[in-house]
Amino acid sequence: MMIVPVILSGGSGTRLWPLSTPERPKQFLPLTTNRTMFAETLARVADRDRFAAPVVVCGESHVAHVSADLALLGISDATVIVEPAARNTAPAIALAALAVAQDACLLVMPSDHAIARPDAFLDAVTAGYPLVAAGHLATFGIEPASPETGYGYIAAGAPMGDGGVRAVRRFVEKPAREAAQAMIDSGGHYWNAGIFLMRADSYLGSLKTHAPQIENACRKAMQAATTAAGALHPDAAIFAACPSDSIDYAVMENAEDVIVVPVDPGWSDVGSWAALHAIAPKDEAGNVVRGAVTLVDCTNCFVRNETGEMLSLLGLSDMAVIAAEAGRVILPLARTQEVKRFAS
C-alpha cells in the first residue's frame, strides 16, 4: 500500500501573533526556513516512491494559501477538502479518510510543526507501518527533552514489534511539572505530537464505535459533497451538525488497538516565540534576529521585524520583540505563550 499524507491545516495560529493572523496563520508563514511551514510539511512527504498524492484539509479562507504552496512545490494532484466549519481534528481526519480508498494508509500531520531530522521521522513511519497495515492505530511519541507541561504524554506498554513500537498503556493530559518530571524519570513516556498513522477503514471503524455522531455526519456530508475550483466541499448544512472533538478524545483514548512509535526527529510544534527561539540559529549572544534590527548589549532575545523600518534595542535580555503589520509586542521569552491575549 502507498501511504497517503493527510495534512491538517485548520489552525488559527494565535500563539504567534502579531505575525500570525486569522487571515495568514503560522502554517503559511516562513518561520524556520524560507518556505512556509505548510510547504515544509508537504516537502517532507514528497517522495512519490513512498507517498501518494496528499490530502489537505483546510478552511475556505486559506484555500488560496494552500493552492500557492502546492503550486510552489509542483504538486498538481493533491486533494483539497474545504471544511465548511471548524470541528477539530476527529472530523477533519474523517473527511480525509472518506476521500481515499478504504485500505489506504493515512499519515496524518499538522501543517505547522518543525522536524529537524526528517529521515528519523520517516524511519519511524516505516517501523509503524506493518502493524498499521494489520489494523492498528499508531501515534508517534516524541522522546521528551524536558518536563514540558504544555504537551500531553503517552505512556507506553508492552513491545509490539520491531523499531521500538509499543502498545499504548494510557494517554496523560497536560501534567503539572512534578508529574511530567516523574514520567520522564520513570521512562517509557513520550510527548504526544498529534501525528498519526492508520488505515482509513480502521480509523472510520473506531470512530463509528466511539463517536458515531461524528462518523455519521462526516459520511453524509461527504456523500453530498460538491467540487468547486478544484477543491472538495462537504455539504455545509450536514457538517454543521457534526460534534466538535479531537482525535485523541474521540478515538485514541478509547480504542484498544493503539500503538506508539517512539521517535526523536528534532520535533517542535513551534507553539510560541520562545519555541521558535529555541530551535533557530543564534548569534554569539544567543539572539535570534530577522529583519531590520540593531542590537546593542542584548542577550538571549528573539527579535523579528517585518515592518521595513529599523528597530533598535539596547540592554535587553531574555525578551521577545515582534513588529509586524498587525501590531507590535514586547514580552519576556518565558511568557510568550500569553501573546494570544492580544490576538483578535
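The coordinates are above.
All of the points below concern the structure found in this document. This one's a predicted model, so the numbers in the text were calculated from it and none came from an experiment. (Residues numbered from 1 in each chain as written. Predicted model: local features only at pLDDT ≥ 70, side-chain atom pairs only at ≥ 80, totals over all residues. Heavy atoms only, no water.)

## Examining the overall build of the protein chain
Item 1. Along its length, the protein chain carries 10 helices and 19 strands.
Item 2. Overall size of the protein chain, expressed as C-alpha extent along the three principal axes, is 60 × 50 × 40 Å.
Item 3. Residue burial in the protein chain is summarised as follows: out of 344 residues, 52% are buried.
Item 4. Taking all contacts inside the protein chain whose residues are at least 6 apart in sequence as the whole, residues at least 24 apart take part in 68%.
Item 5. In the structure as shown, the protein chain presents an accessible area of about 14800 Å², 51% of it carried by carbon and sulfur atoms.
Item 6. Positive and negative side-chain charges in the protein chain, numbering 25 and 36 respectively, have mean positions lying 3 Å apart. (Helix = DSSP H or I, 4+ residues; strand = E, 2+ residues; numbered from the N terminus. Buried < 20%, exposed > 50% of the residue type's maximum accessible area, 1.4 Å probe, protein only. Contact = heavy atoms within 4.5 Å. Areas by Shrake-Rupley, 256 points an atom, 1.4 Å probe, with all protein chains shown as cover. Lys, Arg positive; Asp, Glu negative; His and termini not counted. Charge placed at Lys NZ, Arg CZ, Asp CG, Glu CD.)

## Remarks on the sheet that holds strand β18 (residues 319-324)
Item 1. Spatial strand order, β14-β16-β18-β19: 4 strands in an open sheet with mixed pairing. Looking at strand neighbours, the two that pair on one side only are β14 (288-290) and β19 (327-332), the edges of this open sheet. Looking at each pair of strands side by side, their axes are set apart by 5° on average, direction ignored.
Item 2. In this sheet, β19 lies alongside β18 in antiparallel orientation, the contact comprising 6 bridges. (Pairing = 2+ DSSP bridges. Axes fitted to C-alpha atoms, helices over the stretch in contact; angles between N-to-C directions.)

## Let's talk about the environment of Phe28
Item 1. Structurally, Phe28 is set in the loop between β1 (3-9) and α1 (37-44).
Item 2. Residues Phe28 and Asp112, 84 residues apart in the sequence, show an inter-C-alpha distance of 8.2 Å.
Item 3. Apart from residues no more than four positions distant in its own chain, Phe28 is found in contact with Ser9, Thr36, Phe38, His62, His65, Val66 and Asp69.

## Some details on the layout of surface pockets
Item 1. Of the pockets and cavities examined, the second largest pocket occupies roughly 460 Å³.
Item 2. The wall of the second largest pocket is formed by 24 residues, among which Leu31, Thr32, Thr33, Leu276 and Ile279 lie closest to the centre.
Item 3. If you list the elements that add at least two residues to the lining of the second largest pocket, you get α1, β5 (114-115), α10 (273-279), β14 and β16 (302-305). (1 Å grid on protein atoms, 1.4 Å probe; cavity = no way out; pocket = protein on both sides within 12 Å on 5 of 7 lines; lining within 4 Å. Points joined across faces, edges and corners; volume = space filled by probe spheres on them.)

## Side note on the side chain of His113
Item 1. Of note, His113 is situated in the loop between β4 (105-110) and β5.
Item 2. A distance of 3.1 Å separates polar atoms of two side chains, one belonging to His113 and the other to Trp267. (Polar contact = N/O pair within 3.5 Å; in protein donor to acceptor, adjacent residues only side chain to side chain.)

## With respect to helix α7 (residues 212-223)
Item 1. Taking 1.5 Å per residue as the helical rise, α7 with its 12 residues ought to reach 16 Å, and the 16 Å between its terminal C-alpha atoms agrees with that figure.
Item 2. Those residues of α7 lying buried are Ile214, Glu215, Ala217, Cys218, Ala221 and Met222.
Item 3. Buried-residue contacts for α7 involve β3 (79-83), α3 (89-98), α6 (200-210), β11 (231-233), α8 (236-240) and α9 (247-252). (Expected span 1.5 Å × (residues − 1).)

## Quick look at the packing of α1 against helix α2 (residues 63-72)
Item 1. One can describe the packing of α1 onto α2 by two numbers: an axis separation of 10 Å at closest approach and a directional angle of 45°. As far as their axial angle goes, α2 and α1 are oblique. When the axes of α1 and α2 are compared, the crossing they make is right-handed. In this structure, α1 contributes Phe38, Ala39 and Leu42 to the contact, and α2 contributes Val66, Asp69 and Leu70.
Item 2. In terms of residue class, the contact of α1 with α2 is built from 5 nonpolar, no polar and 1 charged. (Parallel < 35°, antiparallel > 145°, perpendicular 65-115°, else oblique. Left-handed = near helix turned anticlockwise from the far one by under 90°. Nonpolar A, V, L, I, M, F, W, Y, C, P; charged D, E, K, R; others polar.)

## Side note on the packing of α3 against α6
Item 1. Put simply, α3 and α6 touch, their axes get as near as 9 Å, and they point 135° apart. When the axis of α3 is compared with that of α6, the two are oblique. Every pair of crossing elements has a handedness; the one defined by α3 and α6 is left-handed. Along its contact with α3, which presents Thr89, Ala90, Ile93, Ala94, Ala97 and Leu98, the element α6 presents Ala200, Tyr203, Leu204 and Leu207.
Item 2. The residue makeup of the contact of α3 with α6, split by class, is 9 nonpolar, 1 polar and no charged.

## Section: the pairing of β18
Item 1. In terms of burial, β18 is largely enclosed, as 6 of its 6 residues are buried.
Item 2. Here β18 shows a buried face lined by Met319, Val321 and Ala323 and a second buried face lined by Ala320, Ile322 and Ala324.
Item 3. Where β16 and β18 come together, 4 bridges link them in parallel fashion. Opposite Arg304, over in β18, you have Ile322 as the bridge partner.
Item 4. Joining the antiparallel neighbours β18 and β19 is a turn of 2 residues.

By themselves, these figures tell us nothing about what the structure is for.
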